[in-house]
Number of protein chains: 2
Amino acid sequence: MPVSVAMTVLFSARMWGVVLLLVLVMPVRAQEQHPKVFITASEAAAIREARGHYTLLDATLEAATEMVEAALAAPIETPPPGEAGGYAHERHKQNYREMYHAGLLYQITGDRRYAAFVRDMLLQYAEMYPALEPHPLSENQVPGKLFHQLLNENVWLVHTIIGYDCVYDALTPDERATIEANVFYPMVSWFMNEGAYSMNRIHNHGTWTVAAVGMAGYVLGEPEWVEQALYGTDKRGEAGFMRQLDLLFSPDGYYMEGPYYARYAIWPFFYFAEAIQRYEPERNIYGYRDGILRKALYATVQTALPDGTFPALNDASLSMNVAAPGVVLATDLVFERYGPDPVLLGVAGFQNAVVLNGAGLAVARAYEAADEVPEMTWPSVEFRDGADGEGGGLGILRVGRGKDQTVALMKYGVHGLGHGHFDKLSILFYDQRRDVLDDYGFARFVNVEPKYGGRYLPENDTWAKQTIAHNTVVVDGRSQNDGDRKAADAMHADRHFFDGDPSDGVQSMSAYARGYYTGVDMQRTVLLVEDEAFDYPLLIDLFRLESDAEHQYDYPIHYDGIPMATSFDLAGHTDVLRPLGEDAGYQHIWETARARPDAVVQFSWLDGQRYYTLTTAAAPGTEVLMGRTGAHDPHFNLRSEPLLLLRRRAADHLFASVIEPHGYFSEASEQSSNARPYIAAVRVLGFDATASVVEIEAQDGRRWQVFVNNGPAGDGPHTAHFGGKTYTWTGNAEMRPVRDGTE
Amino acid sequence: MPVSVAMTVLFSARMWGVVLLLVLVMPVRAQEQHPKVFITASEAAAIREARGHYTLLDATLEAATEMVEAALAAPIETPPPGEAGGYAHERHKQNYREMYHAGLLYQITGDRRYAAFVRDMLLQYAEMYPALEPHPLSENQVPGKLFHQLLNENVWLVHTIIGYDCVYDALTPDERATIEANVFYPMVSWFMNEGAYSMNRIHNHGTWTVAAVGMAGYVLGEPEWVEQALYGTDKRGEAGFMRQLDLLFSPDGYYMEGPYYARYAIWPFFYFAEAIQRYEPERNIYGYRDGILRKALYATVQTALPDGTFPALNDASLSMNVAAPGVVLATDLVFERYGPDPVLLGVAGFQNAVVLNGAGLAVARAYEAADEVPEMTWPSVEFRDGADGEGGGLGILRVGRGKDQTVALMKYGVHGLGHGHFDKLSILFYDQRRDVLDDYGFARFVNVEPKYGGRYLPENDTWAKQTIAHNTVVVDGRSQNDGDRKAADAMHADRHFFDGDPSDGVQSMSAYARGYYTGVDMQRTVLLVEDEAFDYPLLIDLFRLESDAEHQYDYPIHYDGIPMATSFDLAGHTDVLRPLGEDAGYQHIWETARARPDAVVQFSWLDGQRYYTLTTAAAPGTEVLMGRTGAHDPHFNLRSEPLLLLRRRAADHLFASVIEPHGYFSEASEQSSNARPYIAAVRVLGFDATASVVEIEAQDGRRWQVFVNNGPAGDGPHTAHFGGKTYTWTGNAEMRPVRDGTE
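Keep in mind the model is a prediction, meaning the values are calculated, not measured.

Reading the values: rules and limits
Residues numbered from 1 in each chain as written. Chains lettered and ligands numbered in written order. Predicted model: local features only at pLDDT ≥ 70, side-chain atom pairs only at ≥ 80, totals over all residues. Heavy atoms only, no water. Pairing = 2+ DSSP bridges. Helix = DSSP H or I, 4+ residues; strand = E, 2+ residues; numbered from the N terminus. Buried < 20%, exposed > 50% of the residue type's maximum accessible area, 1.4 Å probe, protein only. Least-squares fit on C-alpha atoms with pLDDT ≥ 70 in both. Contact = heavy atoms within 4.5 Å. Polar contact = N/O pair within 3.5 Å; in protein donor to acceptor, adjacent residues only side chain to side chain. Core = buried A, V, L, I, M, F, W, Y, C linked by side-chain atoms within 4.5 Å. Axes fitted to C-alpha atoms, helices over the stretch in contact; angles between N-to-C directions. Salt bridge = Lys/Arg side-chain N within 4 Å of Asp/Glu carboxyl O.

A. Expanded view of the sheet that holds strand 17 (residues 623–629) of chain A. Residues and elements named next belong to chain A. A sheet is described by the order of its strands in space; here 6 strands give the open sequence 6-11-18-17-14-13, paired in antiparallel fashion. Looking at which strands have only one partner, the edges of the open sheet turn out to be strand 6 (474–475) and strand 13 (578–579). For strand 11 (residues 551–557) and strand 18 (residues 642–650), the ladder comprises 7 bridges, and the chain directions are antiparallel. When the sheet's bridge partners are listed, Asp-554 is paired in strand 18 with Arg-647.

Following this line, the structure appears as structure tokens:
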């Protein structure tokens, strides 16, 4: 073993020589047991026995075996570090996946080829790693050595240390010493010293760093690493894993950066928690903060849409889903550690995978034993946001079950740090397993090197984060908080009420956003209604603005699909397109049409196999603008997507709208029915700080009235007086048919 | 029975009173057997026995039963006729489907509720039909009475007469007399007299008319109707079914309007042919014209893309597929009548349905008996076009099997009547089950009432039919034949060669289009190449233009997806968009970018999970234009789709391009590899009327040369002299690696 090289490297690590010297002088300290950090020999034996009996386990073993056998058939490559999304970057990522799985398969099968593979690859890293410099291509990030950012190297170590733990007993002491001294020790040193910023950061990147350090500490027998991982490099508890558990989740387990990052953040949280549980069960990590890890998993999977994808809140991909590996890990561990909740089996079925340890085996067994194939489906649910639960929240109303649910979601929580968008009170609407009103998500092509090295594109700031890119009102053409993140992080929206009980056909939620625009307070109330008169659930949307002065209010609808019919004279621009504005995201929208309807606005479009009609109450001076993204996008970084917006200048205003799904269309079978809406009109009967009352009229004259309590939340009865009439209702929000003489 | 009403109606029928009077005076003539026109009692009994044993049969019976039971549970409605795509229109269409299936189910199950349903609905029609006037909403069409166009009424009768035949024996003589006198006789009278134009038309609408009349003639015992259906109203054979069989298909069975209309046209062809076979087997209809019906079915299904959809040639939907009911019918009848070809079982499996008669039963049995689940997959194939087979053709090159095939298609046949597009030498390219280079198809929303009554939109003429809407060169900004259909119908492109043998890795096809532009002749040669150096098949495209004078040549690429990288400085227009031109379809394209690269043009985009790069040889003065549809589209009738075009002014010119699929991208798993192409350059070494020689160079310096014989087709050896060098090859097209010293 090249001890001299290793020592040189080790001595170059600042602030840390003593511990490592001890390590080198004495033989590497023997641990009581390997493997242990993620799986034990007896769990592996149980999996070996179970093989062939459980669908989910077999699918997982098959995928792992296929990957590792392909790796065994190819030469081991540890190329010089390269750019994000480039070959070397992807190769090193693939290497950790292969070592992780090869290690587990060695334990499960006893096939020594797998152990030899991990050994050989690690010895190859041991030759390369000590000579590596900090990666030259980092940008505003802590660099790694194999990767441009420390994050990737943390992820590499979390997985590799599990693989190493699995093959530990198959290596000679010399091999272990070489690998540890040339790879793991210098890497951890880099993380704890040059990477101290990340170690101490309250952020998902910080969680990866502490998980890597802590898990390596357990496997290599370095309790000091574990302490620093748990409580920060100064061990005072103001940073580190425990503090992350305190601050990154709301008391409901909602992760402050939103579900897309939650699926990634919970990965290291669970890896490290599981390691802690295995080595130091006395810490009772799973019981910490009233079982916050359990809540974190539920809050993550329960945001999922009917097709299993996460709503694209904040900087998020449109297609990330519940089968992400961090969610598989968390699902299995929660099932094992908190008691076998059968609803998690539906999640596991969607994932079609389990982790390869005792927890995964338990899930695979229970899945097989279930009386019927478990289905992943969630009821309406609200999550409080903010570490103290007082930072607003996220409301999700659902009608129906499983894949055919209709879902309305409103975002009224905290900003969410650097990945937050200026989108308070934004709504999303899902139907037919489609995004009907969608969020653009991020402007990024992850790992696609020609697209800005796979990083966030400039348009992520100039478009995706801006208020106009969301389904929420824009005041005076500016983004909320004028696009200032610090200002946004310092505030949050406020929940007003949430009623997710579907039993009476009317579910509702309401929230306020105050202070996001100077002098303008906003309240949005959304009802998701099942009524026998309509084929599908209705979305009723009352967006109320309150100000002492007149402002320009833009109410955007980010629809998808093809316009079908309008109540107003639709005349798209034929000869020239210009951007809708100059900044705050408007510079990215080509204005494709403009109209000024002084009557009820109806706009129908076709999306998938259903028609949708927006019907908005008339208001004097309302303009309808249509647009399409793509302006000021010289490198074609944005998707080309349509939107419609209603614009009105007013002081107090209520955008009162219904979105009605209707009819059926199949291009393939050339069938169409009910391409016209049933609703004919929406009228505002009155609104103020105490209540909003709106009337909906159908084509055949049937009418309904909608009542919303804008004052302090409560069941009432509530009373409002508008236009000389008195309206009375119970509950925060109600909708009821108007019968002749009952008005 | 209201005989007086019926007689009034019948007397009002011109040129035809005598026959009908006889019918009314005598009892309706008894046929020897009911049912017979589509199914017999013994076939029905066999299906009854087979129930529960065959997947495809059970799926069909289940769907039919579900439809009919739902119909039985609802009131029978025969509303006053209404507009296309409106409620009444769709109701009458659904009524014939229900009567057809109820009749068949009655025969199969013996359940008299089904017979009563058909009876009751027909009696209700008998009350309504005699009083109907010609439909007031027909436009440039022969009107029906139930429907705005005769076509729908023909389709109604074809299916209803089958249902009626099935329940015939369950009706009383009075019921039969009422139905026949008030519905079938006046309807057929309308078809044969006011509808004589359609009866005598060589067109798919004409086939529906003659099928309806002829099948009704068989069921009602009116041989005169059959004669006129077969040979035209004057029975001279210049019109009618037999003449349609002569003229509407090429000798290869290719239907002149293309596959989308073929799937619809073969439906009445097979219904009527089967009826003829059952009543008059001595006519040997299935043997007619060397088994043209068999060829018609094969030519239809063999155009299908890997996902089962038809290529969107001419006026066509993008999603119509092989499961269309006419194709199900033809598949089963060909299997039964021409001998059981196992490849048709793959088609039946895709359809997941059979027809409910003996032929369908035979297919369901054979499908079940097959050793493995049959897969629908086709080899490379060329179809000659034109009734005499001398009208050019359609070439389809394929690599791989089943759903993962890569397909290149070129269109070089006849114009195709009123549904033809000005798109000679257009190519399509399919990969990953996606349209990579696509055809816009039609501008139409079939049966969607708010979209122009579901008819072809004005933009079908101004955009979809125009040359620029296709992947073929546009000369001087004009469409082929200057967009004149009659001129286009009078000519056709010419096949040069077609080599669909995949054994040497190089498949190729070449065709000429002469006279489509005055003074400009065009030749296009397409190679689909498998080479170990590339992960996926390459599309090599050599589009040659020859003229004495300089012209503007536009080479469009209708890609889909998001631009990734370009070899030239890509700077999309940021502040203003204007249409690319004023007419010939250019008025519908917003110009989104313009560049002038004097070097090799490379353009990479992401589509689905793969990257694609177009590499085109440099030529002085080449402009690159990018665009997006939507200009001059005030009602948003067009889909918003991107395109790229290379523009050059020249007399003789060769657009020498390679489209290279490469790499992998998964948004959901955030993986990307090889986002950059392997090909670095394409160079033209020379081209003239005898040959084209092109060189391809990869990033690592590897080179290949491509040789195409432009002179009379033949295996050669061929020789060409360009730039002082002599090139020799065999076969019409070849590609081979360049080894040092072998040039």
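B. Main features of the pairing of strand 24 (residues 703–709) of chain B. All names here are of chain B. Counting buried residues along strand 24, 7 of its 7 residues qualify, which places the element largely inside the surrounding structure. Going residue by residue along strand 24, you find Arg-703, Gln-705, Phe-707 and Asn-709 tucked away on one face and Trp-704, Val-706 and Val-708 tucked away on the opposite face as well. Relative to strand 24, strand 23 (residues 691–698) runs antiparallel, the two sharing 7 bridges. Each residue of the ladder has a partner; that of Glu-697, found in strand 24, is Arg-703. Once strand 23 ends, the chain turns through 4 residues before running back antiparallel as strand 24, passing Gly-701 with a positive phi of about 90°. Pairing of strand 24 with strand 27 (residues 733–738), which is carried by 6 bridges, proceeds in the antiparallel orientation. Within strand 27, the residue paired with Gln-705 across the bridge is Arg-736.

C. Summary view of the relation of the copies chain A and chain B. Note on the identical chains: chain A maps onto chain B by a rotation of 180° and an axial translation of 0.0 Å, with an RMSD of 0.0 Å. The relationship between the two copies is best expressed as a two-fold rotation axis. Using C-alpha coordinates, one finds that chain A approaches the rotation axis most closely at Leu577(A), a distance of 2.5 Å. The share of interface residues of chain A whose copies in chain B are also at the interface is 100%, consistent with both copies meeting through the same surface.

D. Geometry of the pairing of strand 10 (residues 538–547) of chain A. All names here are of chain A. Counting buried positions over the 10 residues of strand 10 gives 9, a clear majority of the element. Where strand 9 (residues 520–529) meets strand 10, 10 bridges bridge the pair, whose relative direction is antiparallel. When the bridges of strand 10 are listed, Thr-525 appears paired with Leu-542. By the bridge criterion, 7 bridges tie strand 10 to strand 19 (residues 653–662) in an arrangement that is antiparallel. When the bridges of strand 19 are listed, Asp-541 appears paired with Ser-657.

E. Highlighting the side chain of Arg544(A). Residue and element names in this part refer to chain A. For Arg-544, the location among the structural elements is in strand 10. Polar contacts involving the side chain of Arg-544 include one to the side chain of Glu-546, which spans 3.2 Å. Contacts of Arg-544, omitting those with residues within four sequence positions, involve Tyr-512, Asp-521, Met-522, Gln-523, His-653, Leu-654, Phe-687, Asp-688, Ala-689, Ser-692 and Asn-710.

F. Examining the nonpolar core more closely. By size, the foremost hydrophobic cluster in this structure holds 136 residues, and its most contacted members are Trp156(B), Phe241(B) and Phe272(B). The element that contributes the greatest number of residues to this core is helix 13 (residues 259–279) of chain B, accounting for 15 residues. What Phe272(B) contacts, discounting residues up to four positions off in sequence, is Val210(B), Ala211(B), Gly214(B), Met215(B), Tyr218(B), Ala229(B), Leu230(B) and Phe241(B). Residues Ile47(A), Ala170(A), Val210(A) and Ala265(A) belong to the second largest nonpolar core, which totals 135 residues.

G. Representation of the sheet that holds strand 8 (residues 506–517) of chain A in the model. Residue and element names in this part refer to chain A. Read across the open sheet, the 8 strands follow the order 7-8-9-10-19-16-15-12; overall the sheet is antiparallel. The sheet is open, and its two borders are formed by strand 7 (494–499) and strand 12 (562–566), each paired with just one other strand. The mean inter-strand angle of the sheet, taken between neighbouring strand axes irrespective of direction, is 15°.

H. Representation of the pattern of salt bridges. With the rule as written, the count across this model stands at 85 salt bridges over all chains. With its nearest N and O atoms 2.7 Å apart, the salt bridge here joins Asp554(A) to Arg647(A). Note that Asp554(A) is positioned in strand 11 and Arg647(A) in strand 18, a separation of 93 residues in sequence. Each member of the pair, Asp554(A) as well as Arg647(A), carries the same accessibility label: buried. Notably, a salt bridge pairs Arg514(B) with Asp494(B), separated by 3.5 Å at the nearest N-O pair. In this pair, Arg514(B) is assigned in strand 8 (residues 506–517) and Asp494(B) in strand 7 (residues 494–499), connecting sequence segments 20 residues apart. Residues joined in a network through salt bridges with shared partners are Glu43(A), Glu274(A), Arg278(A) and Arg337(A).

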